Amino acid sequence: MPDETRTVVVIGAGFSGAMVTAHLLRREHTALLRVVLVNKSGPIARGVAYGTRQSRHVLNVPAGRMSAFPAEEDHFLRFVQAREPDTTGGTFVPRSTYGDYLASVLHEAAQRGGHATLTHVQDEARRIDLVSEDGPALVTLASGRIITADRVVLALGNYTPSNPPLADGSFYESARYIRDPWTPGVLQDVPADRPVLLIGTGLTMLDVALDLSQGGRTAPLVAVSRRGLTPLPHRDHGSPPSYGHLPPDLVAVEPTAVACLRAVRRHVRMLERAGVDWREVVASLRPVTVRLWKALPNREKARFLRHLRPYWDVHRHRVAPDLWRAYDGLRQCGDLQVRAGRLVSITDVGEDVSVAFRPRGRRVADELRVARVINCTGPEGDVRALQDPLINQVVADGLARPDALGIGLQVTDDLACITADGRRSSVLSLVGPLLKGAFWEATAVPELRVHAATAAARLHRELEASLPSLRRRREPGVVPSLRA
Ligand SMILES: Cc1cc2nc3c(=O)[nH]c(=O)nc-3n(C[C@H](O)[C@H](O)[C@H](O)COP(=O)(O)OP(=O)(O)OC[C@H]3O[C@@H](n4cnc5c(N)ncnc54)[C@H](O)[C@@H]3O)c2cc1C
């Protein structure tokens, strides 16, 4: 049995962290590998997305596209079919089933035996210090425990939504404001007999509106956003969309957001005449999106984020047909009103909240009286605005740096972080939605599973190659006595 033990600390045990861990555990290692999975909230291998227990919360990607392994496309489908034989590749299954699946993938990987072990630590990672540029790293947890690691993977996931900008933000301290609708139990006390304001009209709003409408609601929900765009439904039938309808001229067009948009629209119009659904074209963009994104200069990326992103989001991140029908039913009967415009002010007034809202195209604000205000704007996407101790410290100490747009951290193509002085980090890797700046597509499983596999493969290679230097470094007195 080899006597050198290497330690990889994976911070975050949602899909991304769980899958990096599973890949590492499934590989053959020459020396002992200890993977420590640190997670601050909820059960491991679920995260916010798959931690729900409500069967009504279904995946927004069909089962045939949700395998955790890029090379085994039907891996998830087979898992579900063992429970529900009628499931097809086009079925939208409950998100909790997906959580069960991830937990089983991780469990199986941990049971494999061999030279790799898994330790789960329920705690929050607060800071990372490097003993030297090449490591090891000391990962300090909220409890005060320090874990020494040869490599650290940041899999920190989606951040709490930030407060929408208002001239006077004091309302955000109010007990009538819900900043994070995914906090367990937080929707339970929302009055059913008084109107409620939902800020944001995307996927989070849709889930929250349907949740609130379950228990005999008698007062309307009002959802607002600048453009009032809401998610579009997936097609109703059988198989997931194919990738065979890429606009032929797309990768050759001038690298501007508008030129790409025009090429896609042209192709959609042309194919629609032949009876092809627009969703096929949007799905076909998936394999080339990273290439298109990387080709755009930063000012074009910024333009895309400012002007086109809301349109991209509703076409690209679609909703399961049954869920969409339930949501549409709420709109049709007026139980959910979706409005476009700007929030001017929000204030507590006695038992109510008074909201001044200026509808799009109008100069004068309307007043809405509601019982609660729920932030449904989705995860905060600007790393420079985050109030997260770990990210703030890692960036302040130059171990990683934000990408040019601030929507994530800068990485190499094989997902090593880039340090403040532009070097490839020997210690820190990144997986998950903070890869948006680098790849744009870094939200859903079909991309995240590739990132997890890429990061794990590179870590494995590096750890195997590092054994001789590890032996030298592990001579007595070289490693600090903080090893957990
Ligand atoms: C409600 C919802 C539904 C979704 N549905 C789908 C879907 O159907 N299909 C799809 O493909 N995608 C879906 N997504 C997208 C989703 O982002 C990804 O599929 C995936 O779940 C992201 O996983 P993650 O591990 O990167 O992040 P997360 O799931 O957010 O996990 C990050 C984990 O890191 C932990 N953490 C963070 N900071 C620290 C720290 N300092 N110390 C310790 N632990 C820390 C958190 O507690 C959390 O457990 C959905 C997202 C949401 C929010």
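Computed from a prediction, not measured in an experiment: that's the story for all the values here.

For the protein chain, the helix and strand inventory stands at 14 helices and 16 strands. For 484 residues, the compact-globule estimate of 2.2 N^0.38 gives 23 Å, and the C-alpha radius of gyration of the protein chain, at 24 Å, lies within 12% of that figure. Expressed along its principal axes, the backbone C-alpha trace of the protein chain runs to roughly 70 × 60 × 50 Å.

Below, the discussion takes up the pairing of strand β6 (residues 146-149). For a regular strand, side chains alternate in direction, first toward one face of the sheet and then toward the other. Going residue by residue along β6, you find Ile147 and Ala149 tucked away on one face and Ile146 and Thr148 left uncovered on the opposite face. Where strand β5 (residues 137-141) and β6 come together, four bridges link them in antiparallel fashion. Residue pairing for β6: alanine 137 is matched across the bridge by alanine 149. Hairpin remark: β5 followed by β6, antiparallel, with four residues in the connecting loop; positive phi at glycine 144, about 100°.

Further remarks concern the confidence of the model for the protein chain. Averaged over all residues, the pLDDT of the protein chain equals 91, while 95% of them reach at least 70. A low-confidence stretch, residues 476-484 (pLDDT under 50), is modelled with 14 contacts involving residues beyond four sequence positions or located in other chains.

Another aspect to go through is the domain arrangement of the protein chain. What the domain assignment reports for the protein chain is domain 1 (5-57 + 94-159 + 381-473), domain 2 (169-232 + 319-375) and domain 3 (250-316). With six residues of domain 1 in contact, the opposing surface of domain 3 contributes eight residues. Taken together, the residues of the side of domain 1 that touches domain 3 break down into five nonpolar, no polar and one charged.

Attention now moves to the site of the ligand. The environment of the ligand is formed by 32 residues, the closest being Gly12, Gly14, Gly47, Gly157 and Gly432. Secondary-structure elements contributing two or more residues to the shell around the ligand are α1 (15-26), β2 (32-39), α2 (47-50) and α13 (445-465). Class assignment of the residues belonging to the shell around the ligand gives a composition of 16 nonpolar, 13 polar and three charged.

Looking now at the sheet that holds strand β16 (residues 424-430). Within the open sheet, the six strands sit side by side as β3-β2-β1-β7-β16-β15. Their pairing is mixed. If you trace the sheet from one side to the other, it starts and ends with β3 (116-122) and β15 (416-418), each paired once. On average, adjacent strands in this sheet sit at an angle of 30° to one another, irrespective of strand direction. With seven bridges connecting them, strand β1 (residues 5-11) and β2 associate as parallel partners. Following the sheet pairing, valine 8 is matched in β2 by valine 35.

In this section: the nonpolar core. Core analysis: the biggest nonpolar cluster contains 110 residues, and Val152, Leu198 and Ala209 have the highest contact counts within it. When residues are assigned to domains, this core turns out to be shared by domain 1 (5-57 + 94-159 + 381-473) and domain 2 (169-232 + 319-375), each giving three or more. With sequence-adjacent residues up to four places away left out, leucine 198 is seen in contact with Met205, Val208, Ala209, Leu221, Val222, Ala223, Ile374 and Cys376. Among the nonpolar cores identified, the runner-up in size contains six residues, and Ala257, Cys260, Val264 and Val281 belong to it.

In this section: the sheet that holds β6. Taken together, three strands build an open sheet; the order of strands is β4-β5-β6 and the sheet is antiparallel. Each end of this open sheet is capped by a strand with a single partner; those strands are β4 (125-130) and β6. Neighbour-to-neighbour, the strand axes of the sheet open up by a mean angle of 20°, direction not taken into account. For β4 and β5, the ladder comprises five bridges, and the chain directions are antiparallel.

Attention shifts here to the packing of α1 against helix α4 (residues 95-110). Where α1 contacts α4, the two axes come as close as 8 Å, and the packing angle between them is 25°. When the axis of α1 is compared with that of α4, the two are roughly parallel. Once α1 is placed against α4, the crossing between them reads as left-handed. The residues of α4 that touch α1, namely those facing Phe15, Ala18, Thr21, Ala22, Leu25 and Arg26, are Leu102, Val105, Leu106, Ala109 and Ala110. Classifying every residue of the contact of α1 with α4 by side-chain character gives nine nonpolar, one polar and one charged.

This brings us to unusual backbone geometry. The peptide bond linking glycine 135 to proline 136 adopts the cis configuration, its omega dihedral lying at 0°. Looking at where proline 136 falls in the secondary structure, it is placed in the loop between β4 and β5. A positive phi angle, near 65°, is found at tryptophan 440, a position not held by glycine. Tracing the backbone shows tryptophan 440 in the loop between α12 (436-439) and α13. Accessibility expressed as a C-beta count within 10 Å gives 23 for tryptophan 440, which makes it buried.

A few words on the packing of α1 against α13. Between α1 and α13, the least distance of the axes is 8 Å, while the angle of their chain directions is 40°. On the basis of the axis angle, α1 is oblique to α13. Note that α1 runs across α13; the crossing there is right-handed. Judged by residue contacts, Phe15, Ser16, Met19, Val20, His23 and Leu24 of α1 engage Val445, Leu448, Arg449, His451, Ala452, Ala453, Ala455, Ala456, Leu459 and His460 from α13. Of the residues belonging to the contact of α1 with α13, the class tally is eleven nonpolar, four polar and one charged.

Glancing now at helix α10 (residues 321-332). The first and last C-alpha atoms of α10 sit 16 Å apart over twelve residues, in line with the 16 Å expected at 1.5 Å per residue. Among the residues of α10, Leu323, Tyr327 and Leu330 are the ones counted as buried. Considered in projection along α10, the buried side chains sweep an arc of 50° and stay on one side of the axis. Seen from the open side of α10, the exposed residues pointing more than 90 degrees away from its buried face are Arg325 and Gln332. The elements touched by buried residues of α10 are α5 (203-212) and β11 (336-349). Positive backbone phi, approximately 85°, marks glycine 334, located one or two places after α10.

Assignment of secondary structure puts threonine 289 in helix α8 (residues 286-295). Expressed as a C-alpha distance, the spacing of threonine 289 and valine 251, which sit 38 residues apart in the sequence, is 9.5 Å.

It is worth spelling out the environment of proline 94 at this point. With respect to the secondary-structure elements, proline 94 resides in the loop between α3 (75-83) and α4. Given 18 C-beta atoms within 10 Å, proline 94 falls into the partly exposed group. Sequence spacing of proline 94 and arginine 53 is 41 residues, and the spatial spacing of their C-alpha atoms is 8.6 Å. Discounting residues that sit within four places of it in the chain, proline 94 has contacts with Ser55, His57 and Val58.

Thresholds applied
- Residues numbered from 1 in each chain as written.
- Predicted model: local features only at pLDDT ≥ 70, side-chain atom pairs only at ≥ 80, totals over all residues.
- Helix = DSSP H or I, 4+ residues; strand = E, 2+ residues; numbered from the N terminus.
- Rg over C-alpha atoms; globule rule 2.2 N^0.38 Å.
- Buried ≥ 20, exposed ≤ 12 C-beta atoms within 10 Å, placed from the backbone.
- Pairing = 2+ DSSP bridges.
- pLDDT = per-residue confidence, 0-100.
- Contact = placed C-beta atoms within 7 Å.
- Domains from an automatic or database assignment.
- Nonpolar A, V, L, I, M, F, W, Y, C, P; charged D, E, K, R; others polar.
- Near = placed C-beta within 6 Å.
- Axes fitted to C-alpha atoms, helices over the stretch in contact; angles between N-to-C directions.
- Core = buried A, V, L, I, M, F, W, Y, C linked by C-beta atoms within 7 Å.
- Parallel < 35°, antiparallel > 145°, perpendicular 65-115°, else oblique.
- Left-handed = near helix turned anticlockwise from the far one by under 90°.
- Expected span 1.5 Å × (residues − 1).
- Arc of directions from axis to C-beta.

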